[in-house]
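Spelled out, the chains give:
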Amino acid sequence: MTRAERVSRNLNRALHALFAADERAWLLGEDVADPYGGAFKVTQGLSTAYPDRVLSTPLSENGITGVAGGLALCGDTVIVEIMFGDFAGLAFDPILNLITKSVAMYGERTPMRVVIRCPVGGGRGYGATHSQSPQKHFIGIPHLALYELSPLHDAADVLAAALRRDEPAMLFEDKILYTQRRYVDGRVDDRLAFELRGADGNWARVHDPDATGAPTLVIAPGGVANRAIAAATRAAERGRTVEVLVPARLYPVDVDGLRDLLAGAHGVIVAEESTAGGTWGSEVAARLHAEAWPLLRGPVELVSSADRVIPSAPHLEQAVLLGTDAILDRIMRLPAAPVTTGDRGGPADAPATPAGVSPGVPGAVPVPRTDPSPVDPPPSAPTTAAQAGVPVDVPRLNPNDDSYVLLEWLVADGATVEAGEPVAAVETSKAIEELAATRAGVLRQDVAAGADCAPGAPIGRILPESAVPAPPEPLGSPAAAYPEQVEAVGTRTATPGRPLPPAQRRIADVVSTSHREIPVAFTAVRVDVTAALAYARRAADETGATVGLTEVVIAAVAALHERFGALYARLTGDGLVVDAEAPSIGLTVDVGTGLFLPVIRDAAGLDLGDLADAVVALRMKALRGRLREEDMAGMNFLVALNDTPGVTVSRPIIPPGVTCALSVPDVHREVVLDGDGGVRERAVADLGLAYDHRLVNGAQAGAYLAALGEVLQR
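Because the structure is a prediction, the values reported are computed rather than measured.

Visitor: Could you clarify how one ought to interpret the sheet that holds strand β7 (residues 193-197) in this entry?
Guide: In any sheet, the strands associate via hydrogen bonds between backbone groups, in a parallel or an antiparallel arrangement. The six strands are arranged β7-β8-β10-β9-β12-β13 in an open sheet whose pairing can be described as mixed. Single-partner strands in this sheet number two, and they are β7 and β13 (301-305). Along the sheet, successive strands turn relative to each other by an average axial angle of 25°, direction set aside. Sheet topology note: the strand β8 (residues 203-207)/strand β10 (residues 242-247) ladder contains four bridges and is antiparallel. Each bridged residue has a counterpart across the sheet, and for R205 the counterpart in β10 is L245. The strands touched by helix α10 (residues 324-333) within the sheet are β9 (216-219), β10, β12 (267-275) and β13, with β13 carrying the most contacts at an inclination of about 160°.

Encoded structure:
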């Protein structure tokens, strides 16, 4: 499959092509000129190639758009960049009362070739005034078309379609897309294909060519497209057929391009990142109801972000913005498409209920016990309410999930617990939650740790102490000899305090094992990272990826594997040294609720742009609670980020199974003498290497850090 360019590079190329073909094209915006090239680097190179027609303007969206209207009235083509779409409201008056009205208010049709580009959307932690999706506020203005960039459409085609109308247009660009690669060659992945259909290839249809049955259609624009595709993939794992439809033009809505798909669809969902009320999704629903009602099998469903201001903190932002889970939840809420028997149109079979599943408790599968236990009554004895105990139920912790993972039991089977005491830890798609006992008694575990559990399903019981026979004390035991000095069997003295959260306990276990088993030594060197930071900036500009010192360091660490194989080896329990065939670099990600160590496998085989993409993807998985065991397996070297401002040196922990951990602290500035006796300022970082002294000695560690410093200073 062709290696696709990033969405930002694709748009940049489209703008260059437009300016090469149209000598009357202008670009106006804040900081669009080189070397800055716009806040998101979309306009890089344009001012160098066309210095008289690419102008950085004052900070006045109203003024920029007004000038664009004047140029368009003179017959020119104008591209306006609004630095953040949130500020498009400042240009509302010239859009509403000058640019759009000028098409028809002078007694004859006047071409107004203006495209107003607006970066929109959240997911980057930019906060309330730099993360909104204001598309809905511009729907219904006569002679104004709305477009949205997507990973499935070529930006050059979208720009051409917008300008071909000779009317003003707004092009919304979800910021989360800029660093992502486009889909090409008609494929999204190994399972999903896509095709462009309708006038100007307006609709991109993402579907599974091998799927059968009536599909649910999810209509999702731009930056929401990937979330909808991820939801469709997860829905397919649950037996649903879902197709995702991504438009290039939002308004006017092209219903004709959907008619043949609607005829065979089981249901329609419109997903968008804006808040509910007066939205583009509402417009789509209204048009479908008005023009395609006979084809619909039910009302069009709408799903959007929460009706709240967008926070900056990642976990709070995630809770507000529309995500994959919310789209999946809406898909699964639709009744399953009927399964027909042999003849088309014949009676549908009722969905079968799996053996052992109660229709009233979805996913609750009784687990038969095969191990006889004194807690269970004899088979011949009737089970009383007291003997059955009070169930430990899993509450609905996250409305978007229909199953959780029972991470661990916090109390042993058969132990006595107090009311309110945490007894189990359950992982949702977003967090780890502790379940507390609702009454005092003896805990009986009915579901093993690691199993899936459904909301409302019992995972254990709490029995009265009287229902649990106490085992006899062995002869000669302290309890038998001195019963008055020992607590009664089945009870324990409550101690003050609270238990560590499960995630922190796992971190503590790793640290304890590391201190107990690994003889750690530590060496630190000061490295001039001025050149590395400049290289990162150039790479970010060239690739469109989010490249910083972290990514450059990881690339350097991967490159040194061939020269310093011992630092990537591991020591087995029987004292054998196993060399690593390829560098798989672990990275520390602290999400506030726990520390995770996701792994970039075969890091030496990735170019810097792809490596940066991998880092971003793993961080986002961690923030969204989506990391799985396979994401954190196979590490043979750890890069520990300790870049809190002001931290100059940090000694990392070496996880079991790894020989070395490199700490990357905060970068700070220092003044040094140059070779001519002058003074210059440089950026430095004190890189520290913690190493297992059984495999690596001090000389090797020093040589490795020296080589790393040389790579970073090139």
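Visitor: Which parts of the structure should I look at to understand the side chain of R682?
Guide: Looking at where R682 falls in the secondary structure, it is placed in strand β34 (residues 679-692). Apart from the residues lying within four places of it in its own chain, the contact partners of R682 are R526, D528, T530, H668, R669, E670 and V672.

Visitor: It is not clear to me how a nonpolar patch on the surface should be interpreted in this structure. Could you clarify?
Guide: The grouping of L73, M105 and Y106 at the surface amounts to a nonpolar patch, some 290 Å² of accessible area in total. Within the secondary structure, L73 sits in helix α3 (residues 61-73). L73 gets classed as partly exposed once you look at its relative accessible area, which sits at 37%.

Visitor: Teacher, can you tell me more about the environment of G298 here?
Guide: Looking at the secondary structure, you find G298 in the loop between α8 (280-291) and β13. With relative accessibility at 28%, the residue G298 sits in the partly exposed group. Here the alpha-carbon distance between G298 and L334, two residues 36 residues apart in the chain, equals 9.9 Å.

Visitor: Even after reading the chapter, I still don't get the packing of helix α15 (residues 549-559) against helix α17 (residues 698-712), so can you show me in this structure?
Guide: Packed helix pairs are characterised by how far apart their axes lie and by the angle those axes make with each other. At a closest axis distance of 10 Å, the pairing of α15 and α17 adopts a crossing angle of 125°. Classified by the angle between their axes, α15 and α17 sit oblique to one another. The chirality of how α15 crosses α17 is right-handed. Of α17, the residues touching α15 (which contributes V552, V553, A556 and V557) are Y704, L708, V711 and L712.

Visitor: How should I be thinking about the packing of helix α1 (residues 7-21) against helix α5 (residues 155-164) in this particular structure?
Guide: Running from amino to carboxyl end, α1 crosses α5 at an angle of 50°, the nearest separation of the two axes being 8 Å. Taken together, the axes of α1 and α5 lie oblique to each other. Residues N10, L11, A14, L15 and L18 of α1 form the contact with α5, whose participating residues are A155, A156, L159 and L163. In terms of residue class, the contact of α1 with α5 is built from eight nonpolar, one polar and no charged.

Visitor: In this structure, what is going on with the sheet that holds strand β6 (residues 169-174)? I would like to understand it.
Guide: Pairing is mixed across the open sheet formed by seven strands, whose spatial order is β2-β1-β3-β4-β6-β5-β11. At either end of the open sheet lies a strand with only one pairing partner, and these are β2 (54-56) and β11 (249-251). Shown here is a sheet whose adjacent strand axes are inclined to one another by a mean of 20°, direction ignored. Bridge count for strand β3 (residues 77-81) against strand β4 (residues 114-120) is four bridges, and the pairing is parallel. By the bridge assignment, V78 is partnered in β4 with V114. Across the sheet, α1 lies against β1 (25-29), β2, β3, β4 and β6, angled at about 135° from β1, the strand it touches most.

Parameters and conventions
Residues numbered from 1 in each chain as written. Predicted model: local features only at pLDDT ≥ 70, side-chain atom pairs only at ≥ 80, totals over all residues. Heavy atoms only, no water. Pairing = 2+ DSSP bridges. Helix = DSSP H or I, 4+ residues; strand = E, 2+ residues; numbered from the N terminus. Axes fitted to C-alpha atoms, helices over the stretch in contact; angles between N-to-C directions. Contact = heavy atoms within 4.5 Å. Patch = residues over 30% accessible without salt bridge, like charges linked within 9 Å, V, L, I, M, F, W, Y side chains within 5 Å. Areas by Shrake-Rupley, 256 points an atom, 1.4 Å probe, with all protein chains shown as cover. Salt bridge = Lys/Arg side-chain N within 4 Å of Asp/Glu carboxyl O. Buried < 20%, exposed > 50% of the residue type's maximum accessible area, 1.4 Å probe, protein only. Parallel < 35°, antiparallel > 145°, perpendicular 65-115°, else oblique. Left-handed = near helix turned anticlockwise from the far one by under 90°. Nonpolar A, V, L, I, M, F, W, Y, C, P; charged D, E, K, R; others polar.

Honestly, it's all geometry; don't read function into it.
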